[in-house]
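As a plain string of letters, each chain reads:
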Amino acid sequence: MTLTACGGGGASKDSAAGTNEDGTVSIYGTEPKANLLPANTTEAGGSKPVEALYTRLVGFKPEDGKTYNLAAESITTSDAKVYDIKLKQGWKFHDGTDVKAKNFVDAWNFAAYAPNAQQASTFFAQIKGFEDVHPADEAAKPATDKMSGLEIVGDYEFKVTLKGPFSVFTSEIGYLPFAPLPDAFFKDQKAFEANPIGNGPMKFVSRTPNALIKLERYADYQGEDKVHFKTLDIKIYSSQETAYQDLVAGKLDFMEALPPSAKIGDKHVADLGDHVLNANLLGVSAISVPYYVPGFQSLDLRKAISLAIDRDKITKTVLANSYAPVDSLVPPGIEGYEAGTCGEFCKYDPAKAKDYFAKSGFTGKLTIQSNADGGRKEPLEAACNSIKQALGVDCEFVGATNFGAFRQLVDGKQLTGMSRSDWSADYPSIENFLSPRFRTGASSNDPGYSNPAFDALLDKADSTADKAEAVKVYQEANRLLMKDLPAIPVWTEKGIGGYSKNLSAAKLTFKRDGELAAFRVKA
């Protein structure tokens, strides 16, 4: 397998006529959960600035997620286990220092090292020696702070040896945690967190909590995904409705998702006209059922809840047909997706739901926890009402102030009920919807699910060098997962965004992000 340099679905290098290259673009944002470190950012609020600040070895074409080389000159392997990676020379961090092989190796080792407590640390688990820096018992002292599978060959070349063949690796390294870090980070981490230095198309200017993150174009950026405006303002909103009003009024330039109320009766089309954006998204919405909450280990209860949710009605009414019901934790559009893996349990059936609920023996009140911003409240309230009517049990939506506050509850295992659990592809692979979310101890395993048989299937699929054969094993793992229902699939977003009258062009990606290279500010 060889990846060589090729084009990447960004904007033309030539400035379009009538474009203000010194203009400002403002986009909708939510408060990041934590600092803006690549390996500590696994949520939407933080990923917007971090995606712009850091460039990885490969990028993804916005339409379909096909990979193309960015910082990498070439990535070669003969066995899907040992990869030789050569970097393009002349690339700089925002402090003017060179992007070298050591910056990738040091960053990956830092991310994987358990005491550093990076949210995405387990994404490095395929690299040989991961267990030495990140023991299965996270309270145990690691044997070393460097993975044996990373070897610097020269200033601009390094070798990665995996535990076994892993056909997904050349896509996985396009995900945020695999970004490099400059030497300045390792000299003063606190100073770096206050003023992050990346290697991406935008450089950090300032951050005002709960208000604004300001970035600016990096003039010496070498990538094909250069931006054609000067300043990026990520405006933090607690209300998606307020953001949409600003979008229509021209006070905000881009939203990757519109509030449900804007889509009823196609109001958004009347408001935005030809500035409505559509994309085929690779993502799925689910309701997670934390195993540490009393009563939730009952499979009968999880089945009852799933049977009690009227997905068709909610997507047609509350979500105004901008979402579609889904019956798998792997979404349509991902290679290996199989319709109906949830079987009868993702079909609304109040009578059957009551039967399973009675068998569960559950008593008390049900709740669904989530951030109340970002248009999340309305469909989850509707799901609770559907559960309440079908099961005859009290169900309440419990909203956190913002996404950052909600994620702190999830990551701290402090949930007291069910919770929203949306997942968009970090990289377009069925593996990405299984391993990070449901493998025992995985970084984004919010429900605390653990099934040795499921883990064994993932191990088998991971070590299958042939991609098509690996997909078949991942499918088998997903079918097993759906029998356990640690998270209940509900709907998938169709991908509707919009941009303001201040822009002449914008693009929505398969990840429900704005493609910054495609934005054009009117002169």
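None of these values were measured; they are calculated from a predicted model.

Trainee: It is not clear to me how the nonpolar core should be interpreted in this structure. Could you clarify?
Mentor: A general feature of soluble globular proteins is that nonpolar side chains tend to end up buried together. With 143 residues, the main nonpolar core has Leu 57, Trp 108, Phe 158, Val 160, Leu 366 and Ile 387 as its most contacted residues. When residues in this core are grouped by element, the largest group, eight residues, is from helix H2 (residues 101–112). Each residue touching Phe 158, except ones within four places of it in the same chain, is listed here: Leu 57, Tyr 83, Asp 84, Ile 85, Leu 87, Ala 101, Phe 104, Val 105, Trp 108, Glu 151, Ile 152 and Val 153. Ranked by size, the runner-up nonpolar core spans twelve residues in total, among them Tyr 237, Leu 252, Leu 272 and Ile 496.

Trainee: I tried to follow the confidence of the model for the chain on my own but got confused; where do I start?
Mentor: As a general rule, the predicted coordinates of low-pLDDT regions are not to be interpreted in detail. Here the chain shows a mean pLDDT of 92. Residues at 70 or above account for 97%. Within the model, the stretch residues 1–15 combines pLDDT values under 50 with 45 contacts to residues more than four positions away or in other chains.

Trainee: I would appreciate a short explanation of the packing of aromatic side chains in the present structure.
Mentor: Within a pair of aromatic rings, the relevant descriptors are the distance that separates the centres and the angle that separates the planes. Inspection of the entire model under this criterion finds 24 aromatic pairs. Ring plane angle 45 degrees and centroid distance 4.7 Å describe the contact between Tyr 83 and Phe 169, whose orientation is recorded as tilted. Taken together, the positions of Tyr 83 in strand S6 (residues 82–87) and Phe 169 in helix H4 (residues 169–172) put the pair 86 residues apart, joining distant regions of the chain. When sorted by exposure, Tyr 83 lands in the same class as Phe 169, which is buried. Residues Phe 254 and Phe 519 carry aromatic rings whose centres are separated by 5.1 Å and whose planes lie at 50 degrees to one another, so their mutual orientation is tilted. A residue pair is termed long-range when its members are at least 10 positions apart, and Phe 254 in strand S12 (residues 254–255) and Phe 519 in the loop between strand S22 (503–505) and strand S23 (520–521) qualify at 265 residues. Each of the two residues, Phe 254 as well as Phe 519, counts as buried.

Trainee: Where do I start with helix H17 (residues 467–484) in this structure?
Mentor: A turn of α-helix holds 3.6 residues, and therefore any two residues three or four places apart point the same way. The end-to-end C-alpha distance of H17, which contains 18 residues, comes to 26 Å, matching closely the 26 Å that a straight helix rising 1.5 Å per residue would cover. Of all the positions in H17, only Ala 470, Val 471, Val 473, Tyr 474, Gln 475, Ala 477, Asn 478, Leu 481, Met 482 and Asp 484 are classed as buried. Structurally, H17 contributes buried residues whose contacts are with helix H10 (299–307), helix H15 (435–438), helix H16 (452–462) and strand S20 (487–493). Of the residues flanking the start of H17, the one acting as N-cap is Asp 466, its side-chain oxygen 3.3 Å from the backbone nitrogen of Ala 468.

Trainee: Help me understand the pattern of salt bridges in this model?
Mentor: When the charged atoms of two side chains lie near each other, side chains of opposite charge can form a pair. In the structure shown here, the tally under the stated rule is 30 salt bridges. Between Asp 22 and Arg 217 there is a salt bridge, with the nearest N and O atoms lying 3.5 Å from each other. Residue Asp 22 is located in the loop between strand S1 (2–4) and strand S2 (24–29), and its partner Arg 217 is located in strand S10 (residues 212–217); the two are separated by 195 residues in the primary sequence. The exposure class of Arg 217 is partly exposed, given its relative accessible area of 24%. Sharing partners across several salt bridges, the network here consists of Lys 33, Arg 407, Asp 411 and Asp 446.

About the thresholds
- Residues numbered from 1 in each chain as written.
- Predicted model: local features only at pLDDT ≥ 70, side-chain atom pairs only at ≥ 80, totals over all residues.
- Heavy atoms only, no water.
- Core = buried A, V, L, I, M, F, W, Y, C linked by side-chain atoms within 4.5 Å.
- Buried < 20%, exposed > 50% of the residue type's maximum accessible area, 1.4 Å probe, protein only.
- Helix = DSSP H or I, 4+ residues; strand = E, 2+ residues; numbered from the N terminus.
- Contact = heavy atoms within 4.5 Å.
- pLDDT = per-residue confidence, 0-100.
- Phe/Tyr/Trp six-rings, centres within 6.5 Å; stacked < 30°, edge-to-face > 60°.
- Expected span 1.5 Å × (residues − 1).
- Polar contact = N/O pair within 3.5 Å; in protein donor to acceptor, adjacent residues only side chain to side chain.
- Salt bridge = Lys/Arg side-chain N within 4 Å of Asp/Glu carboxyl O.

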